[in-house]
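Coordinates in review
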Amino acid sequence: MQETAWQVSLVLMLMITFGVVFVAINSGKREEEYGPLVKRAYSFRTKLFWAVAFVFFPAMIYNLMSLPYSPKAAASSGPTQVINVTGHMWYWEMDRDQVEPNQPVDIRVTSADVNHGFGIYDPDLRLIAQAQAMPGYTNVIHITFPKEGTYRVLCMEYCGVAHHNMMTEIKVGKS
Ligand SMILES: [Cu+2]
């Protein structure tokens, strides 16, 4: 009985050994077969990277160019007009909403409660300036409005359920 168990065990162990050796040899072969395939895939990935870079880099530059990094220095003269702005949930409080065109304006932006975003859009609804409205701190926007018209102010920082209602206007024109 013991003799039989030993022989069966030996046969099973040999089968497992052959199995392991078979797999080891085969997987080595497979690696060789996959080598060129992997190389091709990697070179495709490299090409794809450069194709994407060449397409998206100019597109990114083009898109970022229209952002108002610094309001264009328009010809301005005369005294600086000051608008004091306080953001509240959910409205803008401004001590004036009308300014002269082609005269410098300082917009002093703060908040009474949470962070808001004070974004000014020109009559064509292009963002021309923005500042963070922060409680306990005043950010100042130096700007000169070149065109007469109604400029819209929208909140650019999500500040609660009625965030979308935080709109107001600045009228640029002779008083
Ligand atoms: Cu908001």
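Structure: see above.
The paragraphs below set out a description of the structure included in this document. (Residues numbered from 1 in each chain as written. Predicted model: local features only at pLDDT ≥ 70, side-chain atom pairs only at ≥ 80, totals over all residues. Heavy atoms only, no water.)

1. With respect to the overall build of the protein chain
Condition: Secondary structure elements follow DSSP: runs of H or I of four or more residues count as helices, runs of E of two or more count as strands, with numbering from the N terminus. With C-alpha atoms as the basis for the radius of gyration, the globule rule is written as 2.2 Å multiplied by the number of residues raised to the power 0.38. Exposure is judged per residue with a 1.4 Å probe applied to protein chains only, and the accessible area is read against the type maximum: over 50% gives exposed, under 20% gives buried, and values in between give partly exposed. What makes two residues a contact is simply this: any of their non-hydrogen atoms within 4.5 Å. Areas reported as accessible are Shrake-Rupley estimates using a 1.4 Å probe. Residue values count occlusion only from the protein chains shown. All tallies of charge rest on Lys and Arg as positive and Asp and Glu as negative; His and the ends of each chain are not included. Here the site of a charge means atom NZ of a Lys, CZ of an Arg, CG of an Asp or CD of a Glu.
Regarding its fold elements, the protein chain presents 1 helix and 9 strands. Radius of gyration (C-alpha) of the protein chain: 34 Å, far over the 16 Å computed for a compact globule of 175 residues. Viewed in the frame of its principal axes, the protein chain has a C-alpha envelope of about 110 × 40 × 25 Å. Within the protein chain, the fraction of its 175 residues that count as buried is 25%. Considering only contacts in the protein chain between residues 6 or more positions apart, those separated by 24 or more positions represent 65%. Accessible surface computed for the protein chain: about 12400 Å², of which carbon and sulfur atoms make up 63%. If the 14 positive side-chain charges of the protein chain are averaged to one point and the 15 negative ones to another, these points end up 10 Å apart.

2. A few points about the pairing of strand β1 (residues 81-88)
Basically, it comes down to this: Criterion used throughout: strands pair if DSSP finds at least two bridges between them.
The buried count for β1 comes to 6 of 8 residues, which makes it a mostly enclosed element. Looking at chain direction, β1 and strand β2 (residues 91-94) are connected through 4 bridges and run antiparallel. From the neighbouring strand, His88 faces β2, where its bridge partner is Tyr91. What sits between β1 and β2 in their antiparallel hairpin is a turn of 2 residues.

3. Looking at the sheet that holds β2
Sheet strands line up and pair through hydrogen bonds in the backbone, either parallel or antiparallel. As a reminder, the rule being used: The convention used is that axes are lines fitted to C-alpha atoms, helices contributing only their stretch in contact, and that angles between N-to-C directions extend from 0 to 180 degrees.
With respect to topology, 4 strands assemble into an open sheet ordered β2-β1-β4-β7, the strand pairing being mixed. Each edge of the open sheet carries a strand with a single partner, namely β2 and β7 (139-144). When the angles between neighbouring strand axes are averaged without regard to direction, this sheet yields 25°.

4. Describing the pairing of strand β4 (residues 104-111)
Judged by how many residues are buried, β4 sits mostly within the fold: 7 of 8 residues are covered. Examined bridge by bridge, β1 and β4 share 7 bridges and lie parallel to one another. In the strand pairing of β4, Gln81 is matched with Val105. Taken together, the 6 bridges between β4 and β7 define a ladder with antiparallel strand orientation. The partner of Arg108 across the bridge, within β7, is Val140.

5. Brief notes about unusual backbone geometry
Geometrically, the link from Met89 to Trp90 is a cis peptide bond, its omega value of 0° lying close to zero. Of note in this structure, Asn102 is not a glycine but carries a positive phi near 55°. One can find Asn102 in the loop between β3 (98-99) and β4. Of note, Leu125 is a non-glycine position whose phi angle comes to about 60°, a positive value. For Leu125, the location among the structural elements is in the loop between β5 (116-121) and β6 (127-133).

Coordinates in, geometry out; function isn't part of it.
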